[in-house]
Amino acid sequence: MCIRDSKETTQSGADQEDFEEEKVLIQSLGSLKKKFSWECLPLVEQEPTPTQPKYNLYERIPQKRPRITEYDPEGPYCRITVIKIGPELPKSMEYILTPNGMVNSNRNTSHNFLTIGRQQMTPEGIIPNDICLSLSDRATSRIHSKIDFQYGFVCNKIPIADSFVGFLFATKNADEDSVISRLPKEILAHIYSFIKEPRKFWITDLRSALGTYIRLKGTSKNKIEKGNEYLFGGEILVSVLEKSVFDVRTQTESAASSQAFYAFLAQERKNKAEIHGINEYDEAEIDYWMTQEEGAITQRSTEICMKPFLKIEVALSSSHLQTHILVPNSQKEFVIGRATECNIQVVHQTISRIQSTITFNQNEWWISDGRGEKESSNGTWISVSDYWHKRQREESERREIDHESEIKISDSILKFEIFNNRKMK
């Protein structure tokens, strides 16, 4: 049995099938050329609003779905191991996901992705979840999250979207070819190779109350984005409220922008924010702006700020929030943990002495679990939903998962492993 890293196997599988997919596309282009015209092709596909679901999670399949009862251990599959799933269920359960679906799943709804939640069955007899977590755990939503797996398996073909082919051959006049349509088919196939659906596994949070989290792997650095939310240990939430980097290619630092930055820091300090990484000169400038009238500070602090900083919020509890501003002047590395020597000390039983490290490097902000080669005990987890989606109870953007990804839903942890995901001869 061969365990392969998802990134490695996905790439190798994709390389092996590139020629075959391009051949299919080239053959399809000619046959579909006359199928579309400019008038019948929607130029903009309207996205559903956040309050409108893109699919019905409770829509029963019209006819009984063929039940998958076995799998080939030599073929591609995923093993999902669930641990810590509640007192009324075993401490560990395993599920097998094949390219056609999950083995022995009882779900009878019509969508083609794997769903995870605590609801076992509705009064109407609908079984909405492939993996049922603890029914008594109210922190887990009825249908909590989903995993898109079909295109992650190399053996499953990625269909060529008719809308893409139609766009290439759309004409204002059905009898007159567009400029694009006169390009060689091989070039069109090459263009398509850049925009086709990537071969990856994805997880999406389905508007759950308390979120879905992915563990940061080892001590590798992960890029921080505005709106990211992290779970430190088991209970401490850290949200990225603002992020700034200085782009030397498009921005020029000026005295005015520097003063706006110090006015911003003075305003944040007045709002009880803790500021880290500043030097003596920075302190003097902030002290100056602290003595200015409120109106002058507010006006200057709202101007464009061109200096790098990171503004995060640490939620020690629902009523105890701390704001921290990280400025990479006197230091480029900021350590968070329980130890007194940490830049941001968080005293909690689930937090390690060195929980995580935030660094500013190559004009970008990064986060890693632990420090150096030492990981934290309970992990650092990134939320699938960003700060804004979570508070609006909106469906999240999808996030990639790969071999040995760990997913946290309330007290349940799901380990995702990929086996034999390579092109079969």
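Since the structure is predicted, the reported quantities are computational estimates derived from the model, not experimental observations.

This part is about the overall build of the chain. Tallying secondary structure elements over the chain gives 7 helices and 22 strands in all. Put simply, of all contacts in the chain between residues at least 6 apart along the chain, 68% involve residues at least 24 apart.

Glancing now at the side chain of glutamate 285. Along the chain, glutamate 285 turns up in helix α5 (residues 280-290). The residues contacting glutamate 285, other than those within four sequence positions of it, are Gln259 and Tyr262.

If you walk across this open sheet you meet the 5 strands as β5-β4-β6-β7-β20, and the pairing is mixed. Edge positions in the sheet fall to β5 (131-132) and β20 (399-401), since each has one partner strand and no second.

A sheet is described by the order of its strands in space; here 5 strands give the open sequence β9-β18-β17-β15-β16, paired in mixed fashion. Single-partner strands in this sheet number two, and they are β9 (222-223) and β16 (344-345). Pairing analysis gives 4 bridges linking strand β15 (residues 333-337) to strand β17 (residues 356-361), with the strands arranged antiparallel. Note on β17: the bridge partner recorded for valine 335 is threonine 357.

The next subject is unusual backbone geometry. If you check the backbone angles, glutamine 362 has positive phi at about 55 degrees while not being a glycine. Turning to its location among the elements, glutamine 362 is positioned in the loop between β17 and β18 (364-369). Classification of glutamine 362 by relative accessible area gives exposed; the value is 69%. Of note in the backbone geometry, glutamate 404 takes a positive phi value of approximately 70 degrees without being a glycine. Take glutamate 404: it is sitting in the loop between β20 and β21 (405-409).

This paragraph deals with the pattern of salt bridges. By the definition in use, this model includes 18 salt bridges. One salt bridge connects lysine 243 with glutamate 225, and the closest N-O pair in it is separated by 3.4 Å. Linking lysine 243 in strand β11 (residues 236-244) with glutamate 225 in the loop between β9 and β10 (229-232), this pair joins segments that are 18 residues apart in sequence. On the accessibility criterion, glutamate 225 (36% relative accessible area) is partly exposed. Residue glutamate 229 pairs with lysine 390 through a salt bridge whose shortest N-O separation is 2.9 Å. With glutamate 229 in strand β10 and lysine 390 in helix α7 (residues 387-391), this residue pair connects regions lying 161 residues apart in the sequence. A single salt-bridge network, built from bridges that share partners, covers Lys223, Glu225, Lys243 and Glu364.

Time to look at α5. When α5 is considered as a whole, its buried residues turn out to be Asp282, Glu285, Ile286 and Trp289. Within α5, the buried residues cover an arc of 100 degrees as seen down the axis, which keeps them to one side. Two or three places before tyrosine 281, at the opening of α5, asparagine 279 has a side-chain oxygen 3.2 Å from that residue's backbone nitrogen.

Along the chain, threonine 115 falls in strand β4 (residues 114-117). Those residues within four positions of threonine 115 in sequence are excluded, and the remaining contacts are Arg107, Pro128, Asn129, Asp130, Ile131, Ile143, Ser145 and Lys146.

What follows covers the packing of aromatic side chains. Two aromatic rings are characterised by how far apart their centres lie and by the angle between their planes. By the definition in use, this model includes 14 aromatic pairs. Their ring planes at 55 degrees and their centres at 5.8 Å tell us that phenylalanine 261 and tyrosine 262 sit as a pair that is tilted. Note on accessibility: phenylalanine 261 and tyrosine 262 belong to one class, buried. Taken together, the aromatic side chains of Phe261, Tyr262, Phe264, Tyr281 and Phe309 make up a single cluster linked through ring pairs. The side chain of lysine 146 reaches across the aromatic face of phenylalanine 113, ending 4.3 Å from its centre.

Our focus in this paragraph is the pairing of β15. Most of β15 sits inside the fold, with 4 of its 5 residues counted as buried. Where β15 lies against β16, 2 bridges are found, and the strand directions are parallel. Each residue of the ladder has a partner; that of glycine 337, found in β16, is glutamine 345.

Our focus in this paragraph is the environment of phenylalanine 360. Tracing the backbone through its elements, the reader meets phenylalanine 360 in strand β17. A relative accessible area of 11% places phenylalanine 360 in the buried class. Considering only alpha carbons, one finds phenylalanine 360 and glutamate 333, 27 residues apart in sequence, at a separation of 6.6 Å. Every residue in contact with phenylalanine 360, bar those within four places of it in the chain, is listed here: Val245, Pro308, Pro328, Lys332 and Trp365.

The subject of this paragraph is the confidence of the model for the chain. Per-residue confidence for the chain averages 82 on the pLDDT scale, and 74% of its residues sit at or above 70. Across residues 1-16, where pLDDT falls below 50, the model places 28 contacts with residues more than four positions away in sequence or in other chains.

We now examine a nonpolar patch on the surface. A surface patch of nonpolar side chains, about 220 Å² in accessible area, is lined by Leu183, Ile187 and Ile191. Residue class for isoleucine 191 comes out partly exposed when judged on its relative accessible area of 35%.

A word on helix α3 (residues 185-195). Listed in full, the buried residues belonging to α3 are Leu188, Ala189 and Tyr192. Each buried residue of α3 lies within a common arc of 100 degrees when the element is viewed along its axis, so the set occupies one face. Residues of α3 that are exposed and point more than 90 degrees away from the buried face comprise Glu186 and Phe194.

Burial along β10 is two-sided: Glu229 and Leu231 facing one way and Tyr230 and Phe232 facing the other are all buried. Looking at chain direction, β10 and β11 are connected through 4 bridges and run antiparallel. Directly across from glutamate 229, in β11, lies its bridge partner serine 239. Bridge count for β10 against strand β19 (residues 380-383) is 3 bridges, and the pairing is antiparallel. Bridging across to β19, phenylalanine 232 finds its partner in threonine 380.

What counts and what doesn't
- Residues numbered from 1 in each chain as written.
- Predicted model: local features only at pLDDT ≥ 70, side-chain atom pairs only at ≥ 80, totals over all residues.
- Heavy atoms only, no water.
- Helix = DSSP H or I, 4+ residues; strand = E, 2+ residues; numbered from the N terminus.
- Contact = heavy atoms within 4.5 Å.
- Pairing = 2+ DSSP bridges.
- Buried < 20%, exposed > 50% of the residue type's maximum accessible area, 1.4 Å probe, protein only.
- Salt bridge = Lys/Arg side-chain N within 4 Å of Asp/Glu carboxyl O.
- Arc of directions from axis to C-beta.
- Polar contact = N/O pair within 3.5 Å; in protein donor to acceptor, adjacent residues only side chain to side chain.
- Phe/Tyr/Trp six-rings, centres within 6.5 Å; stacked < 30°, edge-to-face > 60°.
- Lys NZ or Arg CZ within 6 Å of the ring centre and 35° of its normal.
- pLDDT = per-residue confidence, 0-100.
- Patch = residues over 30% accessible without salt bridge, like charges linked within 9 Å, V, L, I, M, F, W, Y side chains within 5 Å.
- Areas by Shrake-Rupley, 256 points an atom, 1.4 Å probe, with all protein chains shown as cover.

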